[in-house]
Amino acid sequence: MDSIEIRGLRVFAHHGVFREEKRDGQTFVIDVTLTADLAAASTSDDLADTINYGELSHRVADAVRDTQFDLIERLAGHLLDLVMADERVQTAEVRIAKPSAPVGVDLDEVAVRLTRHRP
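We now turn to the structure provided with this report. Numbers given for residues are sequential positions, taken from 1 along each chain in its written order. In keeping with the predicted nature of the model, local features appear solely for residues at pLDDT of at least 70, side-chain atom pairs appear and are counted solely at 80 or more, and the whole-chain, interface and lining totals rest on all residues. Side-chain measures were taken over the full set of non-hydrogen atoms in the model, leaving aside hydrogen atoms and water.

This next bit is on the pattern of salt bridges. When a carboxyl oxygen of Asp or Glu is within 4 Å of a side-chain nitrogen of Lys or Arg, the pair counts as a salt bridge. All told, the structure shown has nine salt bridges when counted by the stated rule. The shortest N-O distance in the salt bridge between D70 and K22 comes to 2.5 Å. In this pair, D70 is assigned in the loop between helix 3 (53–66) and helix 4 (72–84) and K22 in helix 1 (residues 19–24), connecting sequence segments 48 residues apart. The salt bridge partner of R23 is D24, with a shortest N-O separation of 2.8 Å. For the purposes of this entry, the term helix denotes a DSSP run of H or I that reaches at least four residues, the term strand denotes a run of E that reaches at least two, and both are numbered from the N terminus.

Side-chain atoms within 4.5 Å link the members of a nonpolar core, which is a set of buried Ala, Val, Leu, Ile, Met, Phe, Trp, Tyr and Cys residues. Exposure is judged per residue with a 1.4 Å probe applied to protein chains only, and the accessible area is read against the type maximum: over 50% gives exposed, under 20% gives buried, and values in between give partly exposed. Counting residues in each nonpolar core, the largest one holds 32 residues, and the members touching the most others are I30, V60, L79 and I96. Breaking this core down by element, the ones donating at least two residues are strand 1 (2–13), strand 2 (26–36), helix 3, helix 4, strand 3 (91–98) and strand 4 (110–117). The dominant element in this core, judged by the number of residues it contributes, is helix 4, at eight residues.

As a further point, take helix 4. Helix span, as expected, comes to 1.5 Å for every residue beyond the first. Its 13 residues give helix 4 an end-to-end C-alpha distance of 18 Å, which sits within 8% of 18 Å, the value for a rise of 1.5 Å per residue. Listing the buried residues of helix 4 in full gives I72, L75, A76, G77, L79, L80, L82, V83 and M84. Each element contacted by the buried residues of helix 4 is listed here: strand 2, helix 3, strand 3 and strand 4. We call two residues in contact when some of their heavy atoms are within 4.5 Å.

Let us look at the environment of Q90. With respect to the secondary-structure elements, Q90 resides in the loop between helix 4 and strand 3. According to the relative accessible area criterion, Q90 is partly exposed, its value standing at 30%. C-alpha of Q90 to C-alpha of G77: the two residues are 13 residues apart in sequence and 16 Å apart in space. Ignoring any residue separated from it by four or fewer positions in sequence, one finds Q90 in contact with M1, T35, M84, R116, H117 and R118.

Axes here mean lines fitted to C-alpha atoms, for a helix over just the part in contact, with angles spanning 0 to 180 degrees between N-to-C directions. Close contact between helix 3 and helix 4 brings their axes to 10 Å; oriented N to C, the two are set at 145°. Taken as a pair, helix 3 and helix 4 cross one another with a handedness that is right-handed. Two secondary-structure elements touch here, helix 3 through L56, R59, V60, A63 and V64 and helix 4 through L75, H78, L79, L82 and V83. Crossings are classed by handedness, with left-handed meaning an anticlockwise turn of the near helix from the far one by less than a right angle and right-handed meaning a clockwise turn.

Below, the discussion takes up the sheet that holds strand 1. DSSP bridges decide pairing: two strands pair if at least two such bridges lie between them. Within the open sheet, the four strands sit side by side as 1-2-3-4. Their pairing is antiparallel. The sheet terminates laterally at strand 1 and strand 4, the two strands that pair on one side only. Averaged over all adjacent pairs, the angle separating strand axes in this sheet is 15°, with direction ignored. Of the pairings in the sheet, the one linking strand 2 to strand 3 comprises seven bridges and is antiparallel in character. In the strand pairing of strand 3, T33 is matched with E93. Most of the contacts of helix 3 go to strand 1, to which it runs at about 35°, and overall it touches strand 1 and strand 2. Running over the sheet, helix 4 touches strand 2, strand 3 and strand 4 and is turned about 145° from strand 3.

What follows is the structure in structure tokens.
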């Protein structure tokens, strides 16, 4: 199966368990990988034959900005629903990282990764 990857999409938003996270916000880093049959696009060179990753990137960024969840697991589930709404997508994986997670120790990031498969 063919795939499309969006890596390192940075979005400032207000998700988190703590009041300060909701009030002050922070940057989230999102990766999306999806599988779909891209054979037609590989021969036609026609945007209509593929999943427009530019449009998808904007929809994901808007969804991160326009919602507010306590858990990044819930945000990842919400983004998976958005990606899987396109019937051409067979599988989707969303990874959400919080580089500034308020956990009280020095670390690069915390992240969750969720995957969904079309039955």
